[in-house]
Every structure is written in C-alpha cells, then in structure tokens.
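Reading the structure
Each chain, written out:
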Amino acid sequence: MKFNRLGTSDLSVSEVCLGTMTWGIQNTQSDADQQIACALDNGVNFIDTAEMYPVPPNKETYGDTERILGNWLSRNHAKRSDMVLMTKVAGSGLRYIREGGPITADAVTRALDDSLARLQTDYIDVYQLHWPNRVTPHFGKHWPDNTDPTKTDRNREVEGMRDILKGIQQALEAGKIKHWGLSDDTPWGIHTFLKLCCEMDIEKPVSIQNEFSLLHAKDWPYLIEMCALEDIAYLPWSPLATGMLSGKYQNGARPEGSRWTLAQRMGLFRDKAPAQAATDKYVAIAKSIDITPSQLALAWCQQVPGVTSTIIGATSIEQLKENIAAFSLQLPQKTLEEVHDVLRAYPLGF
C-alpha cells in the first residue's frame, strides 16, 4: 500500500480510503467489521463517513453508519490512533437533520458533538462540509442551464462561509477536530475559503472530496490543478460511478441487492445512454488486459496527477478485495491511450 500526505496536514494516508455509506442499509454491523478488518490487513488506514449516512438517506437510518463505525471503535480502542477518520456535517435539504437548515457555526458545533458521540471517539481527524449552502454544479447539475451563478448572493454566501469558519475554529481549538476539509465544492468555493482562512488566521482546508470517475471527469484539470498548487488533497468519491463502471448495470441489469435497486434521492441521473456506451468500451478494454472493469476504473483514477487517495466502497468482502487490488496495478501506456480515446469521446457520460 502506498501512502501520501494529506494536503498541508501531518497525516499520511493510504491511497485507498474505505467508504462506508452502505453500512446500515446494504451492510450489517458484522459486514462492516469484516470490511474494516480486511482494509486494515491490506494497509488501509483511511476511513470516510458522514452524519447523513447510510445512503439512500432517510430519517429512520440517519446516523447509523457512524454508529456502526463507533461500535467497532469501542471494541478496538488501541487501533484508533493508527486510523485517519473523516466525517461530514450535512448541509440543507434534509428536514430531519436540524430542520433542513444550512451549515452554520452552530450547526457545526451541534453536528460535531453528535458525530463524536455516535463514533465513540474524542476527535475527528478531518471534519468536512458535506456540500455548500449555495447551489453548485454537482449532483447532476453540471450541464448548462442547471445552475445560474448570477442569482447567487455573493455577499450573503461569503458571510455564511465566514460564520462556518468560526465554528471550525472553535472545534480546532477544543481539539474535537484535527483538520477540516470540503466536499462537493467548486474552485470559487475553495478560493473563497482560502481567502477567509488567511483573513481570519484559521487553518486552511486540507482536502476536498468530489465525484470523479471515467464517466464524470469535470474536475480535471481545472479544480484538480487548483488543489495541487494550493496543497489541498483531492479525494475522488464514486470512482465507479455508483457501480456503473463495474459493468453490472449494462443492458438494463439490476443485480439483487445492488444500489440501483434502492430508492434514489435524485433519480438515476447517471443511467444515460452515453454512460452506458462508454462503459461498454471500458469493459472491453479491461477484458483485453485480463483485469476487471472496476480495477481498470480505479487504477485509472489513482494515476491521475493530483489525486491523493480514492474513496472506495463495497457491499461484500470479495468486492473490497478486488477493488483494493486495483491499486497495485500499473496500467500499460497503450491501455491508458485506449482509455483516453474513450474519455475524449465521452468526457461526461451522464
């Protein structure tokens, strides 16, 4: 397992980050325990979760993923210091989480204390803002006419970000978090937080996690360039495009128990004809070099300059082992050229 420094922090993280959002709906406590053991045995020291997990989010299971991870931590105190643990404060939109309100300093304080209790730990290594308060071109809103920045009240947003940072600073000073990071944000969001951190003398974000895959490469090169030059770790989430790049959903297939058989909060906006066509080609490329389609997608993702660690998830130990093995692969130059030919033809599959 290879390790990289997480932004400007002193944390060394494995280039594989174990995602947990299936724990509580698709996976049980026993499943999660096995996944953690498998990850640790393979050198993974980086785990990501969030207060709103599991996914799909709902009131009945809210916080269960953190509880499951906390149950494991309560039985494995000695291993806590060897792990880099990330969680996130949810933004607006979910009425059962702080009445659906935006992220504020008060929300950070309340959410963080609740997460610490569920996780049964005294501190979070990296505390992340799950999504911005403003509307951004994420979650299917990246196509033209889906967002209009001219309607964003810039001054209100900046003041809101300033307030959030007050909550972050309080958490840092109290030792409840070691560092903080962003998620599902944009170059403007990064730029503004950097300016405010300098102005307020607050530690800048050490990382950002955004959706990034062979079917959704909109952050490359622009946002990733910014991260690399500002020393902010870039952490791709959904590198398999919610499982699509594994090939398991081709030709309308819906394997029993798979994510696409569950209710989708924003619909299956990734299930588009260009994405299916691109996936067919990636599956063929993987087959030609005798690796799985998932391994091709993950190995490609990690070799992108500027990627620090890739967040992977699994619903079975077999999937997890297959995915971790991808990070020991070196894709041949010819294969990379074939992949990039497809990527140029389908730069945004969905």
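Residues numbered from 1 in each chain as written. Predicted model: local features only at pLDDT ≥ 70, side-chain atom pairs only at ≥ 80, totals over all residues. Heavy atoms only, no water.

Digging into helix H4 (residues 154–174)
Selection rule: Numbered from the N terminus, helices here are DSSP runs of H or I no shorter than four residues, and strands are runs of E no shorter than two. A helix's residues, less one, multiplied by 1.5 Å, set its expected span. When accessible area is computed with a 1.4 Å probe and restricted to protein chains, residues below 20% of their type maximum are described as buried, those above 50% as exposed, and intermediate ones as partly exposed. We call two residues contacting when some pair of their heavy atoms lies within 4.5 Å.
The end-to-end C-alpha distance of H4 is 30 Å, a good match for the 30 Å that 21 residues give at a rise of 1.5 Å each. Among all positions of H4, only Glu-157, Val-158, Met-161, Arg-162, Ile-164, Leu-165, Gly-167, Ile-168, Ala-171 and Leu-172 are buried. On its buried face, H4 sits against helix H3 (105–119), strand E6 (124–129), strand E7 (177–183) and helix H5 (187–200). Just downstream of H4, Gly-175 is the residue with a positive phi angle, here 80°.

Brief notes about the nonpolar core
Let me state the cut-off plainly: In these notes, a set of buried Ala, Val, Leu, Ile, Met, Phe, Trp, Tyr and Cys residues joined through side-chain atoms within 4.5 Å is what counts as a nonpolar core.
Trp-180, Tyr-282 and Trp-300 are the most contacted members of the largest nonpolar core, which totals 86 residues. Looking at which element gives the most residues to this core, the answer is H4, with seven residues. With sequence-adjacent residues up to four places away left out, Trp-300 is seen in contact with Phe-212, Ser-213, Leu-214, Trp-220, Leu-331, Leu-336, Val-339, His-340 and Leu-343.

Examining the sheet that holds strand E9 (residues 233–237)
The cut-off we apply is this: A pair of strands is considered paired only if DSSP assigns at least 2 bridges between the two. Interaxial angle, 0 to 180 degrees, is taken between N-to-C directions of lines fitted to C-alpha atoms, where a helix line uses only the stretch in contact.
Spatially, the eight strands line up as an open sheet ordered E9-E8-E7-E6-E5-E4-E3-E10, and their pairing is parallel. Unpaired on one side and paired on the other, E9 and strand E10 (310–312) mark the two borders of the sheet. Averaged over all pairs of adjacent strands, the angle between strand axes in this sheet comes to 30°, irrespective of strand direction. Pairing analysis gives five bridges linking strand E8 (residues 207–211) to E9, with the strands arranged parallel.

Details of the packing of H5 against helix H6 (residues 222–230)
Rules: When an angle is under 35 degrees it counts as roughly parallel; over 145 it counts as roughly antiparallel; between 65 and 115 it counts as roughly perpendicular; any other value is oblique. Residue polarity follows a fixed list, in which Ala, Val, Leu, Ile, Met, Phe, Trp, Tyr, Cys and Pro are nonpolar, Asp, Glu, Lys and Arg are charged, and the others, Gly among them, are polar.
Look at H5 against H6: their axes get within 9 Å of each other, and the N-to-C directions meet at 25°. Classified by the angle their axes make, H5 and H6 are roughly parallel. Only Leu-223, Met-226, Cys-227 and Glu-230 of H6 make contact with H5, whose side of the interface consists of Pro-187, Ile-190, His-191 and Leu-194. Looking at side-chain class alone, the contact of H5 with H6 contains six nonpolar, one polar and one charged residues.

Purely geometric stuff here, so don't read any function into it on its own.
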